[in-house]
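Breakdown of the fold
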Amino acid sequence: MKKGKNNKKLYMGVDVGGTKILAALVKQSGAVAARKRRPTPRDVSPEAVLLAIMEVMDELLAEEEIDKKSLRAVGMAVPGVVDPEEGKIVVTPNMNLSGLEAVSHIRERFDAPVVLGNDVNFGTQGERWLGAARFASSAVGIFVGTGIGGGIIEDGRLVRGSREAAGEIGHIVMSIDGPVCGCGNRGCLEALASRSAIEREIRQAIAKGRKSILTRIAGKDLEIIRSRMLNQALQQGDKLVTEVVRGAAQMLGYACLTVRRLLDPEVIVLGGGVIEACGDFMMPIIEQVVSTDALPGARGGGRIVRSVLGDDAVVLGAVAAAQEHIGRQPMQVAAKSLPKYPKIDATKLGEVVIDGRTYRQDVYIRADGRIKARNKTGVQKRYGTSHEIGPEEVKKICKKNPEILIIGTGQKGMAGFTAEGQEMLRRKGIACLSLPTPQAIREYNRIKGRKAMLIHVTR
Ligand SMILES: [Zn+2]
């Protein structure tokens, strides 16, 4: 990106983690202009980590030939508890940044306002701004990686708690005499369903003589089992890994139930390295636990979805917070010249009524509001069934740049994306909502942004 007058509206989001530092230059709209990452230095003082952070920021600006004067604000995320008023990192359990007065240093060096926050809180805000929780007024993020973190959004605002410690979903106790957690308690969700917990269980089982192909993939000593190695083992049908990861997914399902009991959010977003890598296997199990909820009236509650922003969720959330810090309101989608969208009135088996007209076939509504018939025979020819939504079709439906695509999957929820279809949505940065047609219609009528919809009519 070269110098230009638009560069005056650039923000920087920085995600400082135990293994990597990721900095991103982000436009006001949330479009990521450039990224830079490097490993976090290990076993050094907090000041040395701070230097590394500022070096990454400097390098990113230099590479993009951007003067630091162009930076309007900086948002920085750390894995721990922060004191945003004092601009200080209070404690980071898994890395050495505790006590660091990060904000004043960065503000001085980059001559821009700086806001500091917890990484999963920012991650949840990122998903709310531009990802899977877009347009939701309440959302809970659960991020499963080395540990498990969470973030809560109510009425569009982050719930921080009286001591900045709300949303510690990883440390709700799921099993009173379960394994000891890093926090000192027993049986926390983190001790049962994080990557470290999965790793521990697999190691213990192998020590007791169970076989697993992981010893081949990760090496005999199993020092680090990465999330993608777990996925590899799942793909190859490894019994032990399947069993352990299934157990973790079930725990996450029960944690989602707990979240629903307490907060009943519109959306629960699941993200983090473990979900990124093993989500295809885990999400159906999580959904199944939630759907078998026996509490009367609990069914049909909030959606449970997968993060769509991946690694960018945290930096984008940091940028959203940085914008709020300087008085902007990025979350409030500007009601900028949206087209007039049709109203979908009703659906029953075999038909759907849009703006008073009855359609007895699959239709889609583009982001410019135009209604088009779906070429079902073409899809059938290609995939053998009309239930598959592939990249060719995603391209057609998403022609006029929707921010969100809503899929009415039929009365019984039959239709869904192919892997390539999903990948295309991800690349285009379009959020997606797949629901049985009646619920999907309710969502379509409710959602205010630039939207597109495909309605599968069960016949
Ligand atoms: Zn704990």
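Moving on, we get to the overall build of the protein chain. Scanning the protein chain for helices and strands turns up 14 helices and 22 strands. For the protein chain, the C-alpha radius of gyration of 23 Å lies close to 23 Å, the compact-globule estimate for 459 residues. Principal-axis analysis of the C-alpha atoms gives the protein chain an extent of 65 × 65 × 40 Å. Taken across its 459 residues, the protein chain has 42% of its residues classed as buried. Relative to all contacts within the protein chain whose residues are 6 or more apart in sequence, the contacts with residues 24 or more apart total 65%.

What follows deals with the sheet that holds strand β14 (residues 351-354). Here we have 3 strands laid out as an open sheet, ordered β13-β14-β15, and antiparallel in their pairing. Strands at the two margins of the open sheet, each flanked by one partner only, are β13 (344-348) and β15 (357-359). This sheet shows a mean twist of 20° between the axes of neighbouring strands, independent of strand direction. In this sheet, β14 lies alongside β13 in antiparallel orientation, the contact comprising 4 bridges. Residue pairing across strands places Lys348 opposite Glu351, the latter belonging to β14.

As a further point, take the confidence of the model for the protein chain. The predicted model of the protein chain averages 88 in pLDDT, with 95% of residues at 70 or higher. The lowest-confidence element of the protein chain is β13, averaging 77 in pLDDT; the highest-confidence one is helix α4 (residues 189-193), averaging 97.

A word on the packing of helix α7 (residues 227-235) against helix α9 (residues 273-291). Across the interface, α7 lies against α9 with an axial gap of 8 Å and an inter-helix angle of 10°. Comparing the axis directions of α7 and α9 gives the class roughly parallel. Every residue of α9 that contacts α7 at Ser227, Arg228, Leu230, Asn231 and Leu234 is listed here: Gly273, Val274, Glu276, Ala277, Cys278 and Phe281. Residues of the contact of α7 with α9, tallied by class, amount to 6 nonpolar, 3 polar and 2 charged.

Moving on to the domain arrangement of the protein chain. Domain boundaries in the protein chain define domain 1 (5-124 + 313-325), domain 2 (132-308) and domain 3 (344-455). Each of domain 1 and domain 3 was reduced to a C-alpha centroid, and the two centroids are 38 Å apart.

Attention shifts here to the environment of Ile224. With respect to the helices, strands and loops of the structure, Ile224 is situated in the loop between α6 (214-217) and α7. On the neighbour-count criterion, Ile224 (10 C-beta atoms within 10 Å) is exposed. Along the chain, Ile224 and Ser434 lie 210 residues apart, while their C-alpha atoms are 35 Å from each other.

Moving on to the nonpolar core. Val14, Met76, Ala248, Ala318 and Leu405 are the most contacted members of the largest nonpolar core, which totals 129 residues. Of the residues forming this core, the biggest block, 10 residues, is contributed by helix α8 (residues 239-263). Apart from residues no more than four positions distant in its own chain, Val14 is found in contact with Ile21, Ala23, Ile53, Met57, Val74, Met76, Ala77, Val315 and Ala318.

As a further point, take helix α3 (residues 119-130). Along its 12 residues, α3 runs 16 Å from first to last C-alpha, staying within 8% of the 16 Å computed at 1.5 Å per residue. Summarising burial for α3: 12 of the 12 residues are buried, a large majority. For α3, every residue scored as buried is listed here: Asp119, Val120, Asn121, Phe122, Gly123, Thr124, Gln125, Gly126, Glu127, Arg128, Trp129 and Leu130.

Residues Ala102, Val103 and Ile106 constitute the buried set of helix α2 (residues 102-110). The buried residues of α2 all sit within an arc of 90° when viewed along its axis, so they share a single face. Counted as exposed and oriented over 90 degrees from the buried face of α2: Ser104 and Glu108. Summarising the contacts, the buried residues of α2 are in contact with α1 (46-63), β4 (71-78), β6 (88-91) and β7 (114-118). Just past α2, the residue Asp111 takes up positive phi, approximately 55°.

A word on the environment of Val16. Locating Val16 in the fold gives a position in strand β1 (residues 10-16). For Val16, a count of 27 C-beta atoms within 10 Å gives the class buried. Separated by 349 residues in sequence, Val16 and Ile365 place their C-alpha atoms 41 Å apart.

Conventions adopted
- Per-chain numbering applies: the sequence of each chain, read as written, is numbered from 1 onward.
- Predicted model: local features are reported for residues with pLDDT of at least 70 only, side-chain atom pairs are reported and counted for 80 or more only, and whole-chain, interface and lining totals are derived from all residues.
- Per the convention used, a helix needs a DSSP run of H or I reaching at least four residues, while a strand needs a run of E reaching at least two, with both numbered from the N terminus.
- In this treatment the radius of gyration is a C-alpha quantity, and the globule benchmark scales as 2.2 Å times the residue count to the 0.38 power.
- Residue burial is a threshold on neighbouring C-beta atoms within 10 Å of the residue's own C-beta, all placed from the backbone, with 20 or more meaning buried, 12 or fewer meaning exposed, and counts in between meaning partly exposed.
- Throughout, a residue-residue contact means that the two C-beta atoms, derived from backbone geometry, are no farther apart than 7 Å.
- The rule for pairing is simple: two strands pair if DSSP sees at least two bridges between them.
- Axes here mean lines fitted to C-alpha atoms, for a helix over just the part in contact, with angles spanning 0 to 180 degrees between N-to-C directions.
- pLDDT is a per-residue confidence score from the predictor, ranging from 0 to 100.
- Oblique is the label for any angle not under 35 degrees, not over 145, and not in the 65 to 115 range, which are roughly parallel, roughly antiparallel and roughly perpendicular in turn.
- Charged residues are taken to be Asp, Glu, Lys and Arg, nonpolar residues to be Ala, Val, Leu, Ile, Met, Phe, Trp, Tyr, Cys and Pro, and polar residues to be all remaining types, Gly included.
- The split of the chain into domains comes from an automatic or database domain assignment.
- Joined through C-beta atoms within 7 Å, a set of buried Ala, Val, Leu, Ile, Met, Phe, Trp, Tyr and Cys residues constitutes a nonpolar core.
- In a helix, the anticipated span is given by 1.5 Å times the number of residues less one.
- Throughout, the arc means that of the directions going from the helix axis to the C-beta atoms.

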